[in-house]
Amino acid sequence: MAPQVIDHRGGVWSIAVPIPDNPLGHTLVHLLETDRGPVLIDTGWDDPASWDTLTAGITACGFAPADVHGVVLTHHHPDHHGLSAKVRETSGAWVAMHAADTAVVRRTRAAEPGQWLDYLVAKLTAAGAPNAHMEPLRAARARRRERQLPGPRPALPDRDIAPGELLALPGRRVRAIWTPGHTPGHVCLHLEEAHPANPSPTPTGFGRLFSGDHLLPSITPHIGLYEDPDDVPSDLLDRGDPLGDYLDSLERVARLAPAEVLPAHQHAFPDAAGRVRELIAHHEERLADLRALLREPLTAWQLATAMQWNRPWERIPPGSRNIAVSEAEAHLRHLIKRGHAEPVPGSDPVHYVAV
Ligand SMILES: [Zn+2]
Ligand SMILES: [Zn+2]
């Protein structure tokens, strides 16, 4: 099958690289032509069919996979960073990532088998998850320990992306915009060149924005905690405020007012500021709903079960429930930072209440 490649003009293409068995469908890997050869923004999921699509796509853009000069990653997630090692092996390309996400990659590579599951069990127990949810997790942890199954080994990047600075891309002007929230080191990349279809820069900004997962046309990216298997659950509420970071990062990209957004999923779209307003309104509404639910003290688990999701809680599979709890905790933490909620002293598992 011919790869789905879109020529966005001005030396920018997108290649739809499939994500196997995932409702998202594909990652849009962007190819940017530079004076030293093509540079990829993200690489896609590590799977043989995805690799074939990526290389066929690079060829369809008029380049050879062996000529890739560099890889710039919006963040560390496997649908973005998965194929980076293969690209580097094939072409000798450098691989660049923000240091905060590189730190996550380093910890993932160093984690002992079962360490992530240990963390998850401790965290969900502290969140008040019921036994029926915990039993399969404990069993999975025991199996993993027994067989010493190794975890994933994502590629270690060899360059840092410095926030606010121009990337070293010969012949192109691309500035890294640090947009923490979805991950601690997520970056958007602002192509500071006149859009071929819209050559007049506006006073507030211009160009195009490679937005990764930060800004998508109709999906709300997952905002959970910046989870770390080295954490102990009692530290959780002291470590950062990802939702607060995300809301600040949204404002930051709205101020750039790019002529077009090129996201890593779905499709390109024009009105960055309009989409930012929708996303901020969505999270504010959620925060208000949560605050109302917290009129009576609830654990993080109880809060997650009471929140609105895209389907009833009973129909959410266990793995997605873990993600939902993390999303509830990120909102909870932001309410605490705003002074709108607090833990109930002496409660175990910890209950939270609106103030
Ligand atoms: Zn992601
Ligand atoms: Zn993604």
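Basis of the calculations
Residues numbered from 1 in each chain as written. Chains lettered and ligands numbered in written order. Predicted model: local features only at pLDDT ≥ 70, side-chain atom pairs only at ≥ 80, totals over all residues. Domains from an automatic or database assignment. Contact = placed C-beta atoms within 7 Å. Nonpolar A, V, L, I, M, F, W, Y, C, P; charged D, E, K, R; others polar. Pairing = 2+ DSSP bridges. Helix = DSSP H or I, 4+ residues; strand = E, 2+ residues; numbered from the N terminus. Axes fitted to C-alpha atoms, helices over the stretch in contact; angles between N-to-C directions. Core = buried A, V, L, I, M, F, W, Y, C linked by C-beta atoms within 7 Å. Buried ≥ 20, exposed ≤ 12 C-beta atoms within 10 Å, placed from the backbone.

**Observations concerning the domain arrangement of the protein**
Right, on to step 1. Each domain of the protein was delimited in the assignment, giving domain 1 (5-104 + 155-214 + 240-269) and domain 2 (275-354).
Right, on to step 2. The straight-line distance from the C-alpha centre of domain 1 to that of domain 2 is 31 Å.
Right, on to step 3. The interface is formed by nine residues belonging to domain 1 together with 10 residues belonging to domain 2.
Right, on to step 4. Along the lines of polarity and charge, the residues of the side of domain 1 that touches domain 2 split into seven nonpolar, one polar and one charged.

**Comments concerning the sheet that holds strand β9 (residues 187-191)**
Right, on to step 1. In space, the four strands of this open sheet follow the order β8-β9-β10-β11, with mixed pairing throughout. Of all strands in the sheet, those with a lone pairing partner are β8 (174-178) and β11 (260-263), marking the two edges. Each adjacent strand pair in this sheet contributes to an overall mean axis angle of 25°, direction not counted.
Right, on to step 2. Judged from the four bridges that link them, strand β10 (residues 208-212) and β11 form a sheet pairing that is parallel. Looking at the pairing, L209 lines up with V261 of β11.

**Focus: the sheet that holds strand β4 (residues 37-41)**
Right, on to step 1. Strand order in this open sheet of seven strands is β1-β2-β3-β4-β5-β6-β7, and the pairing throughout is mixed. Taken across any chain shown, the strands that pair with only one partner, and hence form the sheet edges, are β1 (5-7) and β7 (159-160).
Right, on to step 2. Relative to strand β3 (residues 26-34), strand β2 (residues 12-18) is paired through seven bridges, and the arrangement is antiparallel. Within the sheet, the bridge partner assigned to P18 lies in β3 and is H26.
Right, on to step 3. Across the face of the sheet, helix α1 (residues 48-60) comes into contact with β1, β2, β3 and β4 while running at roughly 160° to β2.

**A short note on the nonpolar core**
Right, on to step 1. If you look at the biggest cluster of nonpolar residues, it comprises 56 residues, and the most contacted ones within it are V29, L40, V71, V72, L189, L209 and V253.
Right, on to step 2. The element that contributes the greatest number of residues to this core is helix α7 (residues 242-256), accounting for seven residues.
Right, on to step 3. In this structure L40 touches V29, L31, V68, V71 and V87, once residues within four positions along its chain are discounted.

**Some remarks on the environment of L73**
Right, on to step 1. Mapped onto the fold, L73 is located in the loop between β5 (70-72) and α2 (78-81).
Right, on to step 2. Spatially, the C-alpha atoms of L73 and I161 are 8.7 Å apart, while their sequence positions differ by 88 residues.
Right, on to step 3. Sequence-distant contacts of L73, that is, excluding residues within four places in its chain, are made with D42, H80, H81, S84, V95, A96, M97 and P157.

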